[in-house]
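# Examination of the molecular architecture
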Amino acid sequence: MSGGGGATVRGCVLLVGAGGIAAPAALALAAGGVRELRVADDDEVEITNLHRQILFDADDVGRPKLDVFAEALRRRHPTLRVDRRYGRFTPSAAAALMPGVSVVVDATDNFASRFLIADVCRLTRTPVVHAAAIRWRATVMAVAAEGRPCYRCLFEDLPTGNAPDCATAGVAGPVCGVAGAIAADRALAILAGDASVYGRIATYDGLSDTLRSVPVAARPACALCGERADIATIDASRYVISCAAEGDRESGSPTHVEGDRESGSPTHVEGDRDNGSPTHVEGDRDNGSPTHVEGDRESGSPAHLNTGEHDHG
């Protein structure tokens, strides 16, 4: 039995990030019966984290987030296994992070990591829940192993120029909690075999206290899951942004996700789980139709998404 009194849920959840969204998500997952969490993070607790990162307090400042994160969870759920992975979700680390994972919860704070996670999950046939928060808004999208739709159906590729994050635009702490709770709900549904959570995006507006869920249209020209998808390997050069959130804000140097330092070659992640063969999708990238989300079925109004909604830090 779980610490929350429910039945044990089979499957390992990989949390990418150990911050404002990951903490409430982890608490909800553990209370919901998940007995194995794998958590990847490379950061230390800072005083500015405490208003939204609810597993930390002032005595934890300066300590590795993963250590505090695991200790706090185990105090509440002694039977929970927390597999700590020190470091970021990078092209060179992805292959070691993914084996045995049933679903990924993306609680990162930058576009490079988010696109990388989307691509790795598609190539390894792993469902993923993308969760983000900025200012008063939270968004959560669950993506099936085959995509259709996937994250790239919404946001075709990494943005250029500066993209807002919680460090530059701010975020209300409770909004992170809402994002984490919805993400955990979607992950638990996936573990239970409920496919109804795919193909929709949930948006919470903290100012109006409204939660909307609207369908997302798969994009035929999507480079990751479309009819002629051409992303078949993880090449670190694909995840480079000029002047983005985690870049050097003073010098404007590019933000990048670490590649394979020894060879610099593209990373081949785990292939089809059924036969173990590498994942390869043939075809050239189409010119791409405009990214869109279907409107609210009741009102017919379009869904407005802020493509800078990213937080875990």
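Residues numbered from 1 in each chain as written. Predicted model: local features only at pLDDT ≥ 70, side-chain atom pairs only at ≥ 80, totals over all residues. Heavy atoms only, no water.

## Section: the confidence of the model for the chain
Heads up, the rule is: Residue-level confidence of the predictor is summarised by pLDDT, bounded by 0 at the bottom and 100 at the top. In what follows, a contact means two residues having at least one pair of non-hydrogen atoms within 4.5 Å.
With 71% of its residues at a pLDDT of 70 or more, the chain shows a mean pLDDT of 79. Across residues 1-5 the pLDDT falls below 50, and counting only partners more than four positions away or on other chains, this stretch makes eleven contacts in the model.

## Considering the packing of aromatic side chains
To keep things clear, this is the line we draw: A pair of aromatic rings is counted whenever rings of Phe, Tyr or Trp (Trp by its six-membered ring) have centres within 6.5 Å, and the orientation is called stacked for planes under 30 degrees apart, edge-to-face for over 60 and tilted otherwise. A helix here means a DSSP run of H or I that spans at least four residues, while a strand means a run of E at least two residues long, and both kinds are numbered starting from the N terminus. A 1.4 Å probe rolled over the protein chains alone gives each residue an accessible area, and that area as a share of the maximum for its type sets the label: buried under 20%, exposed over 50%, partly exposed in between.
Inspection of every chain in the model, using the stated rule, returns three aromatic pairs. Ring centres of Phe111 and Phe115 lie 6.4 Å apart, and the angle between their planes is 35 degrees; on these two criteria the pair is classed as tilted. Of this pair, Phe111 and Phe115 are both found in helix H4 (residues 111-123), four residues apart, which corresponds to roughly one turn of the helix. According to the relative accessible area criterion, Phe115 is buried, its value standing at 0%. With a centroid separation of 5.0 Å and an interplanar angle of 65 degrees, the aromatic rings of Tyr151 and Phe155 are classed as edge-to-face. With respect to burial, Tyr151 and Phe155 carry one shared label: buried. Site record: aromatic cluster; members linked through ring pairs are Phe111, Phe115, Tyr151 and Phe155.

## Description of the sheet that holds strand S3 (residues 81-86)
We count it as follows: A pair of strands counts as paired when DSSP detects no fewer than two bridges linking them. Note on method: axes are straight lines fitted to C-alpha atoms, helices fitted across the in-contact stretch only, with angles between N-to-C directions ranging 0 to 180 degrees.
Spatial ordering of the open sheet is given by S3-S2-S1-S4-S5-S6-S7-S8, a layout of eight strands whose pairing is mixed. Only two strands of the sheet have a single partner each, and these edge strands are S3 and strand S8 (210-215). When the angles between neighbouring strand axes are averaged without regard to direction, this sheet yields 15 degrees. Bridge count between strand S1 (residues 9-16) and strand S2 (residues 34-41): six bridges; the pairing is parallel. Directly across from Leu15, in S2, lies its bridge partner Val39.

## Things to note about helix H2 (residues 65-76)
Cut-off, in case you're wondering: The span one expects for a helix is its residue count, reduced by one, times 1.5 Å.
In a regular helix each residue adds 1.5 Å, so twelve residues correspond to 16 Å; H2 covers 17 Å between its end C-alpha atoms and thus fits that length. Looking at the packing, one finds that the buried side of H2 touches S1, helix H1 (22-31), S2 and S3.

## Quick look at the pattern of salt bridges
Definition in use: By definition here, a salt bridge exists when the distance from a side-chain nitrogen of Lys or Arg to a carboxyl oxygen of Asp or Glu is within 4 Å.
Throughout the structure, instances matching the rule amount to 14 salt bridges. Residues Asp106 and Arg114 are paired through a salt bridge, measuring 3.0 Å at the closest nitrogen-oxygen approach. The class for Asp106 is buried, based on a relative accessible area of 0%. You can call Arg114 buried: its relative accessible area is 1%.

## Thoughts on the state of the cysteines
Test applied: Only a pair of cysteine sulfur atoms within 2.5 Å counts as a disulfide in this structure description.
Summed over the entire model, instances satisfying the criterion amount to zero disulfides. Cys153 takes part in no disulfide bond, and the closest cysteine sulfur to it belongs to Cys225, at a distance of 3.5 Å. Among the residues examined, Cys153 registers a relative accessible area of 1% and is labelled buried.

## With respect to the packing of H1 against H2
Our working rule: To sort the angles, those under 35 degrees are grouped as roughly parallel, those over 145 as roughly antiparallel, those from 65 to 115 as roughly perpendicular, and the leftovers as oblique. Left-handed describes a crossing whose near helix is turned anticlockwise from the far helix by less than a right angle; the clockwise case is right-handed. Each residue is assigned to one class: nonpolar for Ala, Val, Leu, Ile, Met, Phe, Trp, Tyr, Cys and Pro, charged for Asp, Glu, Lys and Arg, and polar for all the others, Gly among them.
Their axes nearest at 11 Å, the elements H1 and H2 cross at an angle of 30 degrees. The pairing of H1 with H2 is recorded here as roughly parallel in orientation. Note on packing geometry: the crossing formed by H1 with H2 is right-handed. Listed contacts from H2 to Ala22, Ala23, Ala26 and Leu27 of H1 are Phe69, Leu73 and Arg76. Taken together, the residues that form the contact of H1 with H2 break down as six nonpolar, no polar and one charged.

## Describing the pairing of strand S5 (residues 128-134)
With seven of seven residues buried, S5 is to be regarded as a mostly interior element. Burial of the side chains of S5 extends over both faces: Val128, His130, Ala132 and Ile134 are buried on one face and Val129, Ala131 and Ala133 on the other. The pairing of strand S4 (residues 101-106) with S5 spans three bridges and is parallel. Each bridged residue has a counterpart across the sheet, and for Val105 the counterpart in S5 is Val129.

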